[in-house]
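# An overview of the molecular structure
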Amino acid sequence: MDYEIAFDQEENAYRVFADVEFAAIAEWVSEYLKDKEAVQRVWQAASLAEKDNEITEFQHGIFHVMISPEGVAVKRRVDMSQAEDEIKAMFDTQSGFFQASNDGVESECGLDDLIDLIENWHDFQQ
């Protein structure tokens, strides 16, 4: 996974920036792994997945995270209900052409990539 950890001047904090493919993972790490305990919980879940083939799931706000022996999957919900009428209006009479979805965005990566990212993120948080 290609990513960059950089200082975001608007938020006055470090964030993880990644390609669109890994955007949900980068956003989840930036938003919810801000303290030492949260980072340690993810490390522990990755370790359990690697050594004991355990699956751990987290719900952090709009993010659903599943860490398994295959890697991590992060799903980010998107609430399209507010924009649905405006988007349908863009298609005029073809309102059946567009269906709003709250499925959101999903990113996946391997355990090794997750562990590397968490280690680097932990270093920045100290």
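Above this text sits the structure in question.
Our subject in this report is the structure included herewith. Fair warning: this is a prediction, and the values are worked out from it, not measured in the lab.

### So, unusual backbone geometry
Non-glycine residue Asn12 carries a positive phi angle of around 55°. Within the element layout of this structure, Asn12 appears in the loop between strand 1 (3–8) and strand 2 (13–18). Even without glycine at this site, Asn53 takes up a positive phi of about 55°. Among the structural elements, Asn53 can be located in the loop between helix 2 (36–52) and strand 3 (56–60). The class for Asn53 is exposed, based on a relative accessible area of 56%.

### Points about the packing of helix 2 against helix 4 (residues 111–125)
With their axes 11 Å apart at the nearest point, helix 2 and helix 4 run at an angle of 160° to one another. Classified by the interaxial angle, the pair formed by helix 2 and helix 4 is roughly antiparallel. The handedness of the crossing between helix 2 and helix 4 is left-handed. Taking contact as the criterion, the partners of Lys36, Val39, Val42, Trp43, Ala46, Ala49 and Glu50 in helix 2 are, on helix 4, Leu111, Asp112, Leu114, Ile115, Ile118, Glu119, Trp121 and His122. Its residues assigned to classes, the contact of helix 2 with helix 4 comprises ten nonpolar, one polar and four charged.

Calculation notes
Residues numbered from 1 in each chain as written. Predicted model: local features only at pLDDT ≥ 70, side-chain atom pairs only at ≥ 80, totals over all residues. Heavy atoms only, no water. Helix = DSSP H or I, 4+ residues; strand = E, 2+ residues; numbered from the N terminus. Buried < 20%, exposed > 50% of the residue type's maximum accessible area, 1.4 Å probe, protein only. Axes fitted to C-alpha atoms, helices over the stretch in contact; angles between N-to-C directions. Parallel < 35°, antiparallel > 145°, perpendicular 65-115°, else oblique. Left-handed = near helix turned anticlockwise from the far one by under 90°. Contact = heavy atoms within 4.5 Å. Nonpolar A, V, L, I, M, F, W, Y, C, P; charged D, E, K, R; others polar.

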